[in-house]
Amino acid sequence: MLFMPGRGDAYEKYLESFEHWRLEGWQVSAADWRGQGGSGRLGNDDATGHIDDFALWIADLADYWRGWADGRTGPLVLVGHSMGGHLTLRAVMEKVLDPAPDALVLSAPMLDTFPEIVPLPIKRGFAWAMLKLGDPKRPAWKMSEKPGAKPGLRQTLLTHDVIRYEDELWWRKYRPELELGPGSWGWVNGAMESSATMFRRGALESVDLPVFILGTTADKLVSPSAIRSAIARIPNAESLMLGPEARHEILREEDGVRGKALAAIDDFLMRKTAPDG
């Protein structure tokens, strides 16, 4: 199993889930995306998350996957959270992963952003205009995970679980190189362009492997309606959509919610990756 985290994430946050899957019999690996976590920065400073084109991350994943999968036996599973879910799904859609994964698991995938009432073509045009008005590496908002969010309310976007939220703060304190702030206008434009690519006619329908999608209708960071649209369009998709009991980081939620999510993922993987699955 290879786990790829979200925007501004570092894989250290998910050690608890990795241990769960290890006890289920999986050999678990994880990596940070280029330009975040412990993998350096691509912007003008250490705080802003920048990328010129999401295609760079897709190419990175394809290259890493090829080396990671080489010589391994048994089923190969790819797991992506938030932006990691976007990128892993797009890599599967574009069939750049060799060998192909046996299954894909997406946790709160970032398939579109807020506001949901604004059509993607308009958001795409706005992002392109802002990109051209200045340095693409400049931050698109001031702080936290989304524009307008206050630092003191950051937990309300991520999880109900105080202890698991404090675990992330511990990592940020003792491994300060893992912390990342707002995205750049280059990142915003890249996200809009990539979402447009993903939702073009026939793209989601081309996914030809088992996919499990985990989401929550209460998500304030990624679009629940885009997730529901993907569930409806991917031919071999199964899903668990939670409600207000879950915030964006479902795998870091309170035990009852997290346990339900992990049980659903485990059941899916058992059925889809077993020899007769």
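The structure this text deals with has already been given above.
Nothing here was measured: the structure is a model prediction, and the numbers come from that model. Per chain, the residues get numbers from 1 upward, laid out in the order the sequence is written. With pLDDT at 70 or above as the cut-off, local features in this predicted model cover only qualifying residues; side-chain atom pairs require 80 or more to be listed or tallied, and sums for whole chains, interfaces and linings still use all residues. As a convention, hydrogens and water are excluded, and side-chain values are obtained from all of the structure's heavy atoms.

Visitor: Just give me the short version of the overall build of the chain, but keep the residues and values in it.
Guide: Strands here mean DSSP runs of E at least two residues long; helices mean DSSP runs of H or I at least four residues long; both are numbered from the N terminus. Broken down by element type, the chain carries nine helices and six strands. Within the chain, the fraction of its 277 residues that count as buried is 52%. Within the chain, contacts between residues separated by at least 24 positions form 79% of all contacts whose residues are at least 6 apart in sequence. Here the open area of atoms and residues is found with the Shrake-Rupley method and a 1.4 Å probe, where only the protein chains shown may cover a residue. Carbon and sulfur atoms make up 55% of the accessible area of the chain, which totals about 12100 Å². Here the chain holds 33 positive side-chain charges and 39 negative ones, and the gap between their average locations is 6 Å. Each residue gets one of three labels from its accessible area relative to the maximum for its type: buried under 20%, exposed over 50%, partly exposed in between, using a 1.4 Å probe on protein chains only. The criterion used for residue contact is that any of the two residues' heavy atoms lie within 4.5 Å. Here Asp and Glu are counted as negative and Lys and Arg as positive; His is not counted, and neither are the chain ends. Taken as the charge location is NZ of Lys, CZ of Arg, CG of Asp or CD of Glu.

Visitor: Tell me what's going on with the pairing of strand E6 (residues 237-242), and back it up with residues and numbers.
Guide: In this sheet, E6 lies alongside strand E5 (residues 211-216) in parallel orientation, the contact comprising six bridges. Across the sheet, valine 211 pairs through a bridge with alanine 237, a residue of E6. Handedness of a crossover is defined as follows: orient the strands so they point away from the viewer, and if the path from the first strand over the helix to the second runs clockwise, the crossover is right-handed. In this fold, E5 hands off to helix H8 (residues 224-233), which returns the chain to E6; that crossover is right-handed. For two strands to be treated as a pair, DSSP must find at least two bridges joining them.

Visitor: Describe in detail empty space enclosed by the protein, supporting the description with residues and values.
Guide: Of the two site types, the cavity is a set of points on a 1 Å grid over the protein atoms alone where a 1.4 Å probe fits but cannot get out, and the pocket is an open set with protein on both sides within 12 Å along at least five of seven lines, each lined by residues with an atom within 4 Å of a point. Grid points are joined across faces, edges and corners, and a volume is the space filled by probe spheres set on the points. Counted by the stated rule, this structure contains two cavities of 30 Å³ or more. Its boundaries defined by the atoms lining it, the largest cavity holds a volume of some 60 Å³. What lines the largest cavity is Gly8, Asp9, Ala10, Glu12, Lys13, Glu168, Trp171, Arg172, Leu178 and Glu179. Under the scheme applied here, ten amino acids are nonpolar (Ala, Val, Leu, Ile, Met, Phe, Trp, Tyr, Cys and Pro), four are charged (Asp, Glu, Lys and Arg), and all others, including Gly, are polar. For the lining of the largest cavity, the per-class residue count stands at three nonpolar, one polar and six charged. If you add up the space inside the second largest cavity, you get close to 30 Å³. Every residue along the wall of the second largest cavity is listed here: Arg7, Arg34, Gly35, Gln36, Gly49, His50, Trp57, Leu180 and Trp187. Split into classes, the residues belonging to the lining of the second largest cavity amount to three nonpolar, four polar and two charged.

Visitor: For the layout of surface pockets, give the residues involved together with the corresponding values.
Guide: Reported here for the largest pocket is a volume of approximately 650 Å³. Considering the residues around the largest pocket, the lining is formed by 35 residues, among which Thr113, Trp141, Glu145, Pro147 and Trp187 are closest to the centre. Of all the secondary-structure elements, those providing two or more residues to the lining of the largest pocket are helix H4 (120-132), helix H6 (162-174) and helix H7 (185-198). Broken down by element, the residue count for the lining of the largest pocket peaks at five residues, all from H7. Partitioned by chemical class, the residues of the lining of the largest pocket number 18 nonpolar, six polar and 11 charged. Here the second largest pocket defines a volume of roughly 180 Å³. Around the second largest pocket, the lining is made up of 14 residues, and of these Ser144, Arg172, Glu179, Leu180 and Gly181 lie nearest the centre. When the residues that make up the lining of the second largest pocket are grouped by side-chain class, the tally is six nonpolar, two polar and six charged.

Visitor: Just give me the short version of the side chain of serine 223, but keep the residues and values in it.
Guide: Mapped onto the elements of the fold, serine 223 is located in the loop between E5 and H8. At 3.0 Å, the side chain of serine 223 forms a polar contact with the backbone nitrogen of alanine 226. Aside from chain neighbours lying at most four places away, what touches serine 223 is Asp112, Thr113, Phe114 and Glu116. For the purposes of these results, a polar contact is taken to be a pair of N or O atoms within 3.5 Å, where, inside protein, one atom must be able to donate a hydrogen and its partner to accept one; residues adjacent in sequence count only when each atom of the pair is a side-chain atom.

Visitor: Which residues make up the environment of proline 121, and what values go with them?
Guide: Tracing the backbone through its elements, the reader meets proline 121 in helix H4. Taking relative accessible area as the criterion, proline 121 reaches 62% and is therefore assigned exposed. Linking proline 121 and phenylalanine 199, residues 78 residues apart in sequence, is a C-alpha distance of 11 Å.

Visitor: Got a sec to walk through the environment of isoleucine 58? Specific residues and values, please.
Guide: By the secondary structure assignment, isoleucine 58 is in helix H2 (residues 54-69). When its relative accessible area of 5% is taken as the criterion, isoleucine 58 is described as buried. Taking the C-alpha atoms as reference, isoleucine 58 lies 5.9 Å from alanine 91; in sequence the two are 33 residues apart.

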